[in-house]
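# Inside the fold
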Amino acid sequence: MRTALVGTDGTGKTTVLRRIRETREVGVVHAIRCHDDPHSPFAELSLALAGASAAADALGRVQLKVAVLYLQLCLYGPAERQAGAGRRILLADRHPLIDPLVYLPLFARLARDEEPGDDVQNWWRKQEPGAARAVRDWLRECSGGTDPWPLGTELLRLGTRSGPEIHHELGRRLGVTTPDAVLLLDLPVQEALRRIGERAGGSELHETVSFLSSTRQRYGEVLDWLGGAGAGREVVVRRIDCSGLSVDEVAGRVWEALEQL
């Protein structure tokens, strides 16, 4: 059973998955941050991409942010195959065919059709040289070039298309399929922002009240579509209210839901 755990930033998805992995026999895959899995063979590249994402946040350029997001998602297919080998349950932290349906249209609304100026060069300079080489090589492998701006611009244009078109195109590009089930960790926006403010490393450019509110609404719309067989087959969707709950309590509710699938 391939199940994706999704929700706005601040809901504790990564921490909950870490707790479940410590106590249960499941395969775990991280769609954005492979390096959160200590056994991932892609950890070094994933760390380099995390640095590239932070550099995009510092510059505030959406084109660079979504280009890095795509490069991170390109690691999902191999990571899923490795994590799911011989496992009855595979639990994913986000999913490349769900989260882009939420985020790409919202990022597309923030973007302006403009030239990068010096920001692409500044983006490369903000990365550690060895990490930048790894990012450049992966960018070339995934897009055929070494300029992230056209890739980001292309993805933002994809974000203006319908949900089914985005879903189909990313499935084709990334070579992944829709999960069997989705568990949505739901949290009021103000509580999510409080949790984000307490974590180390600061916030990302999209972590605002307005954006998180839109994200929460968009997750509801996307999961209604998936649950209604919009992706060609019915996907089981469950909502888990995690307001005011500890990590162990949320992990317990997630495991309960998994056992019922």
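Structure report, in brief. In this text, all values refer to a predicted model and were calculated from it rather than measured experimentally.

Each value, and the rule that gives it
Residues numbered from 1 in each chain as written. Predicted model: local features only at pLDDT ≥ 70, side-chain atom pairs only at ≥ 80, totals over all residues. Heavy atoms only, no water. Buried < 20%, exposed > 50% of the residue type's maximum accessible area, 1.4 Å probe, protein only. Helix = DSSP H or I, 4+ residues; strand = E, 2+ residues; numbered from the N terminus. Polar contact = N/O pair within 3.5 Å; in protein donor to acceptor, adjacent residues only side chain to side chain. Axes fitted to C-alpha atoms, helices over the stretch in contact; angles between N-to-C directions. Parallel < 35°, antiparallel > 145°, perpendicular 65-115°, else oblique. Left-handed = near helix turned anticlockwise from the far one by under 90°. Contact = heavy atoms within 4.5 Å. Nonpolar A, V, L, I, M, F, W, Y, C, P; charged D, E, K, R; others polar. Salt bridge = Lys/Arg side-chain N within 4 Å of Asp/Glu carboxyl O.

The next thing to look at is helix α8 (residues 148-158). Along α8, 8 of the 11 residues are buried, which leaves the element largely enclosed by surrounding structure. Buried residues of α8: Pro-148, Trp-149, Leu-151, Gly-152, Thr-153, Leu-155, Leu-156 and Leu-158, and no others. Between the side-chain oxygen at the start of α8 and the backbone nitrogen of Trp-149 there is a gap of 3.0 Å, and the oxygen is on Asp-147.

For the rest of this paragraph, the subject is the packing of helix α2 (residues 43-59) against helix α3 (residues 62-73). For the pair α2 and α3, the least separation of the axes is 8 Å and the interaxial angle reads 165 degrees. Between α2 and α3, the crossing angle belongs to the class labelled roughly antiparallel. The two elements α2 and α3 cross, and the hand of that crossing is left-handed. Contacts from Leu-49, Ala-50, Ala-52, Ser-53, Ala-56, Asp-57 and Leu-59 in α2 reach Leu-64, Lys-65, Val-68, Leu-71 and Gln-72 in α3. The residue inventory of the contact of α2 with α3, partitioned by class, reads 8 nonpolar, 2 polar and 2 charged.

Turning to the pattern of salt bridges, a few remarks are in order. Counting across every chain of the model gives 21 salt bridges. Here Asp-36 ties to Arg-33 by a salt bridge, and the two come within 3.0 Å at their closest N and O atoms. Taking relative accessible area as the criterion, Asp-36 reaches 14% and is therefore assigned buried. With its nearest N and O atoms 2.5 Å apart, the salt bridge here joins Glu-154 to Arg-173. Residue Glu-154 is located in helix α8, and its partner Arg-173 is located in helix α9 (residues 163-174); the two are separated by 19 residues in the primary sequence. On the accessibility criterion, Glu-154 (38% relative accessible area) is partly exposed. You can call Arg-173 partly exposed: its relative accessible area is 27%. Sharing partners across several salt bridges, the network here consists of Arg-2, Glu-80, Asp-180 and Arg-233.

Just distances and angles here, no functional claims.
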